[in-house]
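So you can see what is in the structure, the chains are spelled out below.
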Amino acid sequence: MTQSLLHQILDHANRANPYPIYEQLRKTPVHHEDGGPYVISTYYEIRSLLHDPRISSDARNLASTARDPLAEPAREESALPPGFLRLDPPEHDRLRRMTNRPFGPPHSPHRVDGMRGELHDIVSGLIDGLGDPGRIDLVEQFSYPFPVTVICRLLGVPREDEARFHTWADTLAASLDPDPDADPTERGKGAHDARMELGMYLAGLIEERRTNPGEDMLSQLATAKGEDGPMTTMELLSTAALLLIAGHETTVNLITNGMLTLLRRPDVLERLRADPRLAVPIVEELLRFEPPVQLVPQRTTLADIEVRGVTIPKGASLWLVLASGNRDPQRFEDPDRFDPDRRDIQHLGLGSGIHSCFGAPLARLETQFALSELARRLENPRLLEDPPPYRQNAVLRGPRHLPIACDGIRP
Amino acid sequence: MIGDGSLERFRREGRIVVVGASLAGLRAAETLRDKGFAGSLTMIGDEPHEPYDRPPLSKQVLLGKAAAERTALPRLRSVDATWRLGVPAAGLDMAARRVRLADGDEVPYDRLLIATGVRAHPWPREAEAQLDGVFVLRTRDDSAALARRLEAGPKRVLVIGAGFTGSEIASACRERGLAVTVAERGAAPLVGALGGVVGAVAAEMQREHGVDLRCGVMVTALEGDASGRVRAAQLSDGSTVETDVVIVSLGATRNTEWLAGSGLGAGPRGIACDAGCRAFDIRGIVTDDIYAAGDVARCPHPLFGYQFLSLEHWGNAVSQARIAAHNMISESTDRIPHMEVPAFWSSQFGVNIKSVGVPSLGTEILISQGSLKDHRFLGVYGYQGRVIGAVAFDHARWLPFYQELIETTAPFPPSFPTVDRRSDGQRPIDADFPDPSVPTHGPTVTLGGYSPADRRMTFTPAH
Ligand SMILES: Cc1cc2nc3c(=O)[nH]c(=O)nc-3n(C[C@H](O)[C@H](O)[C@H](O)COP(=O)(O)OP(=O)(O)OC[C@H]3O[C@@H](n4cnc5c(N)ncnc54)[C@H](O)[C@@H]3O)c2cc1C
């Protein structure tokens, strides 16, 4: 018997190329399998649900009967309250607004742009240190350390602590990965410990920043007293943890998916080498073509709502398959073609609506830098394995390793 | 053009004239070229400047964040047109298909697009309007002059009229630390567009930001000093405001005078056209070669009971321009109607305001998300049991949902729970629009008389 579509999405065997399954899914834009989540796969439906105030991101609104293979293990044991990603307005709005103050316009319009020099230095340093050009694991040696280093700098994590940070981040990211073969209690415990340790570390850092503030985001968040009042320590902790996790695992995959796509399209890679400004449209098309967040599994309905003639009951679990919407032929011409010259490109890669990717300006800039510098400096780069080995994760999808080789590293 | 190849010939070598070289004019020209019109294209504009963008004129420019000269509209493609800038069109001969220019030239056309927009309503007493320090704000030059004056640090600014433009000006002045008085005839700012419930929030925002807001009053006279500079304003409540800069923000007048006597259905309320932007003549018969788009056009909207709507919205100008351009060079069966749901944005006192639909047609409002008290909310407007408009204060990301409700004529009040529905959003209340017979700002036209012979149109200026 053929596997259910839901299982096919989760099945690691399909990770390297999930797009044929999404194509299947789109035949029933609201796909529902006995007791499971309602899976939405078409562009316009996803987009309108992302703007629908009857849809909640708060797990407390999920009916206890909604069964969901991606549902995280009970949250109570974790020490941290949910970050604003898992909250509804008004709490969401307040925390996101406060977090945005030191990060983006209107209050900090130059924060991200002001990191250009630093981003460039980190990228250069990592490429300088790639070592043997005959075998590079781009994930381990580049796409992973880059965004983690950036988020550490942004938050104000001292350089000497970065290594510990990497380890916690790694463990926590892995815990978001619904690996059916791993022992759930074992994994849950590892994540729990990492979360505790990270929380304690951050708490110490926050205390330090309160008395001794610097220019970093954590200092600014810890000492903020805008119209919204101060953040509580718990809020600060969960916000910092959210920035850390959401802020890097996604970018790792975006960069890796980007290089993989370019290595499969040497003509585009060559164009980028000749003109680094092409990085901007390339990254945009990449967010459509291979988005690092494939689906949003954390939404639920506050009322019975009708989508394409199907009534989704109140309290149901929703999966919004962004990566599928991005390849919906009803919306995009020739959607399976990677086309950096595409002009009409309102993709769902960074979500939409109030939860649209908070770190988008930074992720874009990081990826633009990463891809254009790799294109410029790697001499005759090529894939050693295609497809590369993928992580188990169906939500945050990306290669676990990306073995490549090149003839040398240009200065 | 009945499949005899004449349309093809027109697309190849026809003559299109666009009067009004601003947002709608430019976007129409680009669309014409995009869709393959290869004939001659003439752009006529009374302003000496290349097309520029107006929204920044009351925002970034007044804040000193952008120079008025640097607001040129981005060109989406080359339009390869003959530009006649700095010359107004002064007349139209529909039979001979010619546009007469003020300098005496005549420009023949096969198809004409009128996009002459609106102009700021001036201070009605001419001598007072001439005083140094009295401004209106519509053009790039207006904005540059006003910005220069604000830069010089006047001791007080008086804004007459608290519609969107007036409120934005007041906001920019406060951000610059200038003392500001706003005088508004209505009960609150923005009340004509959004009603009294939301207007009360706008009033609170102004006061919280230190604006000396006076509602329910009219400015009755402006006074100048011996050197002809404005120095004070008299208000209808007997008070006086000492001021050295006055900005008259009393709404706009449509630029249709040049069409007087042409036989086109054009008047103070704009140019009446069908949903495909084809202009009507005064007999109510649609022309086939004259189109209108943007602020100057008045089109029936199927979603709003086929009412003729005239909208002063940026997005409306762009979408009508594109529709008009398409229809101008298409076979009648290929023409498309303008169906876009109206949308408008403004930014003032640090708040992003956006609306969809036509809130001013609504009679009731429901605060469906957020709260009025926080100045962050979403209000849904209802008219006869259906959703007709919505406004967002710092809540714009939800608007697509409400637009869908409007498009699908969803019932009002919406019955479902939403995230962030608070106590003030449990029940719809009267949206509190002013009695339409008492104008807030902007001129109105009323019809009087009974028999067709003595039936007259009465034009009531804004002040
Ligand atoms: C200060 C300001 C702020 C605004 N802010 C916003 C905002 O935040 N959001 C929003 O949605 N909208 C805003 N608008 C409205 C928006 O700018 C208009 O809807 C838009 O400009 C309309 O474009 P249009 O081409 O129809 O008309 P216009 O831009 O008015 O252009 C018409 C042009 O035709 C010219 N003209 C007139 N008569 C003749 C003639 N006889 N011969 C030749 N040329 C002629 C005029 O001089 C003008 O250049 C704002 C407008 C102003 C003035």
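1. Here's the deal with the overall build of chain A
Helix and strand counts for chain A come out as 15 helices and twelve strands. Taken over the C-alpha trace, chain A has a radius of gyration of 21 Å; the compact-globule value for 411 residues is 22 Å, and the two agree within 12%. Put simply, chain A has 411 residues, and 56% of those count as buried. Here the contacts in chain A between residues at least 6 apart in sequence split such that 74% fall between residues at least 24 apart.

2. Some thoughts on the overall build of chain B
Assigned secondary structure in chain B consists of nine helices and 31 strands. In summary, chain B has a C-alpha radius of gyration of 23 Å against a globular reference of 23 Å for 463 residues, a match within 12%. C-alpha atoms of chain B, sized along the principal axes, occupy 65 × 65 × 50 Å. Taking all 463 residues of chain B together, 55% fall into the buried category.

3. A few points about helix H8 (residues 314–328) of chain B
Residue and element names in this part refer to chain B. Between the first and last C-alpha of H8 there are 21 Å, a value that for 15 residues agrees with the 21 Å anticipated at 1.5 Å per step. Counting buried positions along H8 yields twelve of 15 residues, so the element is predominantly enclosed. All of the buried residues in H8 are Asn316, Ala317, Val318, Ser319, Gln320, Ala321, Ile323, Ala324, Ala325, His326, Asn327 and Met328. As for H8, its buried residues are in contact with helix H1 (6–13), strand E1 (15–19), helix H2 (23–34), strand E7 (111–114), strand E21 (286–292) and strand E22 (297–301).

4. A few points about the site of the ligand
Residues and elements named next belong to chain B. Around the ligand there are 31 residues in total, and Asp46, Glu47, Arg54, Lys59 and Asp295 lie nearest to it. Contacts to the ligand include Glu47, whose side-chain N or O atom sits 2.6 Å from an oxygen atom. Protein chains shield 95% of the accessible area of the ligand, which is 1,000 Å² for the free molecule. Contributing elements (two or more residues each) for the shell around the ligand: H2, strand E2 (40–45), H8 and strand E24 (343–348). In terms of residue class, the shell around the ligand is built from 14 nonpolar, nine polar and eight charged.

5. Looking at the sheet that holds strand E4 (residues 136–137) of chain A
Residue and element names in this part refer to chain A. Spatially, E4-E11-E10 is the arrangement adopted by the three strands of the open sheet, whose pairing is antiparallel. Looking along the sheet, the strands with just one partner apiece sit at the ends: E4 and strand E10 (382–383). The sheet contact formed by E4 and strand E11 (residues 403–405) spans two bridges and is antiparallel. Residue pairing across strands places Ile136 opposite Ile404, the latter belonging to E11.

6. Quick notes on the nonpolar core
The biggest cluster of nonpolar side chains holds 91 residues, and the ones touching the most others in it are Ile312 of chain A together with Leu194 and Phe393 of chain B. A per-element tally of this core places helix H7 (residues 191–208) of chain B first, with seven residues. Ignoring any residue separated from it by four or fewer positions in sequence, one finds Phe393 of chain B in contact with Leu194, Val198, Val201, Met205, Val351, Asn352, Ile353, His375, Arg376 and Phe377 of chain B. Core analysis: the second largest hydrophobic core is formed by 83 residues, Met115, Leu154, Ala279 and Phe369 of chain A among them.

7. Observations concerning the packing of aromatic side chains
Per the stated rule, a full pass over the model turns up 18 aromatic pairs over all chains. The interplanar angle of 65° and the centroid separation of 6.2 Å between the aromatic rings of Phe165 of chain A and Trp168 of chain A together place this pair among those described as edge-to-face. You can see Phe165 of chain A and its partner Trp168 of chain A sitting in helix H8 (residues 162–175), three residues apart, about one turn around the helix. For Phe165 of chain A, a relative accessible area of 0% gives the class buried. With 5.6 Å between their ring centres and 40° between their planes, Phe10 of chain B and Phe37 of chain B make a pair best called tilted. Placement of the pair is Phe10 of chain B in helix H1 and Phe37 of chain B in the loop between H2 and E2, with a sequence separation of 27 residues. This pair shows no difference in class: Phe10 of chain B is buried, exactly as Phe37 of chain B is.

8. What to know about the packing of helix H5 (residues 116–128) of chain A against helix H7 (residues 145–155) of chain A
If you want to describe how two helices pack, look at the angle between their axes and the distance between the axes. All names here are of chain A. At their nearest, the axes of H5 and H7 sit 10 Å apart, and the two run at 145° to each other. Crossing of H5 against H7: the hand is right-handed. When H5 is examined against H7, the residues Glu118, Leu119, Ile122, Val123 and Leu126 are found in contact with a partner set consisting of Pro145, Phe146, Thr149, Val150 and Arg153. Of the residues that constitute the contact of H5 with H7, the class distribution is seven nonpolar, one polar and two charged.

9. Things to note about the interface of chain B and chain A
With 15 residues of chain B at the contact, the number on the chain A side is 20 residues. Summing both partners gives a buried area of about 1,500 Å² for chain B against chain A, and 62% of it is carried by carbon and sulfur. Contact with chain A buries surface across chain B, with Arg397, Trp398 and Val419 of chain B losing the most and accounting together for 41% of the total. Between chain B and chain A we count two salt bridges in total. Of the charged contacts in the structure, one is a salt bridge between Asp228 of chain A and Arg376 of chain B, with a shortest N-O distance of 3.9 Å. Taken together, the links from chain B to chain A amount to four residue pairs in polar contact (both at pLDDT 80 or more). Top contributing element to the side of chain B that touches chain A by residue count: helix H9 (residues 399–407) of chain B, with four residues. In terms of residue class, the side of chain B that touches chain A is made up of seven nonpolar, three polar and five charged.

10. Concerning the environment of Ser78 of chain B
By secondary structure assignment, the location of Ser78 of chain B is in the loop between helix H3 (60–63) and strand E3 (82–85). Separated by 48 residues in the primary sequence, Ser78 of chain B and Glu30 of chain B place their C-alpha atoms 7.0 Å from one another.

11. So, the sheet that holds strand E27 (residues 376–383) of chain B
All names here are of chain B. Read from one edge of the open sheet, six strands run E24-E25-E28-E27-E26-E29, paired in antiparallel fashion. Whereas interior strands pair on both sides, the edge strands pair on one side only; in this sheet they are E24 and strand E29 (429–430). With respect to the sheet, helix H6 (residues 164–175) is in contact with E24 and strand E25 (351–357), its orientation differing from that of E24 by roughly 25°.

12. A look at the side chain of Glu162 of chain A
Residues and elements named next belong to chain A. When you line up the elements, Glu162 lands in helix H8. Classification of Glu162 as buried rests on a relative accessible area of 11%. Not counting chain neighbours up to four residues away, the residues in contact with Glu162 comprise Thr149, Cys152 and Arg153.

13. Considerations on the side chain of Thr261 of chain A
Residue and element names in this part refer to chain A. Locating Thr261 in the fold gives a position in helix H11 (residues 233–264). Here Thr261 falls in the buried class, since its relative accessible area comes to 5%. At a separation of 2.7 Å, a polar atom in the side chain of Thr261 contacts the main-chain carbonyl oxygen of Asn257. Once residues within four sequence positions are removed from consideration, Thr261 is found in contact with Leu286, Phe289, Glu290 and Phe338.

14. Side note on the packing of H7 of chain A against helix H15 (residues 360–377) of chain A
All names here are of chain A. Two numbers describe how H7 lies on H15: the axes approach to 11 Å, and their chain directions differ by 135°. In terms of orientation, H7 and H15 fall into the oblique class. Both H7 and H15 take part in a crossing whose hand is right-handed. Residues Phe146, Pro147, Val150 and Leu154 of H7 form the contact with H15, whose own contacting residues are Leu362, Glu366 and Ala370. Here the residues of the contact of H7 with H15 sort into six nonpolar, no polar and one charged.

15. Some words on the pattern of salt bridges
Evaluation of the coordinates by the stated rule reveals 57 salt bridges over all chains. Arg400 of chain A is paired through a salt bridge with Glu140 of chain A; the nearest N and O atoms lie 3.6 Å apart. Of this pair, Arg400 of chain A sits in the loop between E10 and E11 while Glu140 of chain A sits in helix H6 (residues 138–143), placing them 260 residues apart in sequence. When its relative accessible area of 41% is taken as the criterion, Glu140 of chain A is described as partly exposed. Here Arg422 of chain B ties to Asp420 of chain B by a salt bridge, and the two come within 2.6 Å at their closest N and O atoms. Relative accessible area serves as the criterion here: at 8%, Asp420 of chain B is assigned to the buried category.

16. What to know about the confidence of the model for chain B
Close inspection of predicted coordinates is inappropriate for parts of the model with low pLDDT. Residues and elements named next belong to chain B. Model confidence for chain B is summarised by a mean pLDDT of 93, while 93% of its residues fall at 70 or above. When the criterion is pLDDT under 50, residues 441–449 qualifies, and its contacts beyond four places in sequence or with other chains add up to 33 contacts. Counting interchain partners and residues more than four positions distant, the pLDDT-below-50 stretch residues 459–463 has 21 contacts. Scored by ipTM, the complex comes to 0.88, with pTM at 0.91.

The rules behind these values
The numbering scheme is per chain: residues are counted from 1 as the chain's sequence reads. Written order decides the labels, with chains lettered from A and ligands numbered from 1. Only residues with pLDDT of 70 or above have their local features reported here, since the model is predicted, and side-chain atom pairs are shown and tallied only from 80 upward, although totals for entire chains, interfaces and linings are computed over all residues. Heavy atoms throughout the structure, all of them, feed into the side-chain values; hydrogens and water do not. Numbered from the N terminus, helices here are DSSP runs of H or I no shorter than four residues, and strands are runs of E no shorter than two. Radius of gyration means the value over C-alpha atoms here, while the globule rule gives 2.2 Å times the residue count to the 0.38 power. To sort residues, take the accessible area from a 1.4 Å probe on protein chains only and compare it with the maximum for the residue type: under 20% means buried, over 50% means exposed, and anything in between is partly exposed. Whether two residues touch is decided by their heavy atoms; if any such pair falls within 4.5 Å, the residues are in contact. What a helix should span is 1.5 Å times the count of its residues minus one. We call a residue near a given molecule or strand whenever any one of its heavy atoms falls within 4 Å of it. Between N or O atoms, a polar contact is any pair within 3.5 Å; within protein, one atom must be a potential hydrogen donor and the other a potential acceptor, and residues adjacent in sequence are included only when both atoms are from side chains. In short, Shrake-Rupley with a 1.4 Å probe defines the accessible areas, and a residue's cover is counted only from the protein chains shown. Residues are grouped as follows: Ala, Val, Leu, Ile, Met, Phe, Trp, Tyr, Cys and Pro are nonpolar; Asp, Glu, Lys and Arg are charged; all remaining types, including Gly, are polar. Note on pairing: DSSP must find at least two bridges between two strands before they are called paired. Note on terminology: a nonpolar core comprises buried Ala, Val, Leu, Ile, Met, Phe, Trp, Tyr and Cys residues joined through side-chain atoms within 4.5 Å. Pairing of aromatic side chains requires ring centres within 6.5 Å, counting the rings of Phe and Tyr and the six-membered ring of Trp. Pairs whose planes differ by under 30 degrees are stacked, by over 60 edge-to-face, and all others tilted. To get an axis, fit a line to the C-alpha atoms, keeping to the stretch in contact for a helix; angles then go from 0 to 180 degrees between the N-to-C directions. Whether a crossing is left-handed or right-handed is set by the direction in which the near helix is turned from the far one by less than a right angle, anticlockwise for left-handed and clockwise for right-handed. Values labelled buried area give the accessible surface lost by two parts on being combined, using a 1.4 Å probe and summing over both. Salt bridges are counted wherever a side-chain nitrogen of Lys or Arg sits within 4 Å of a carboxyl oxygen of Asp or Glu. For this classification, under 35 degrees means roughly parallel, over 145 means roughly antiparallel, 65 to 115 means roughly perpendicular, and everything else is oblique. The predictor rates its confidence in each residue with pLDDT, a number between 0 and 100.

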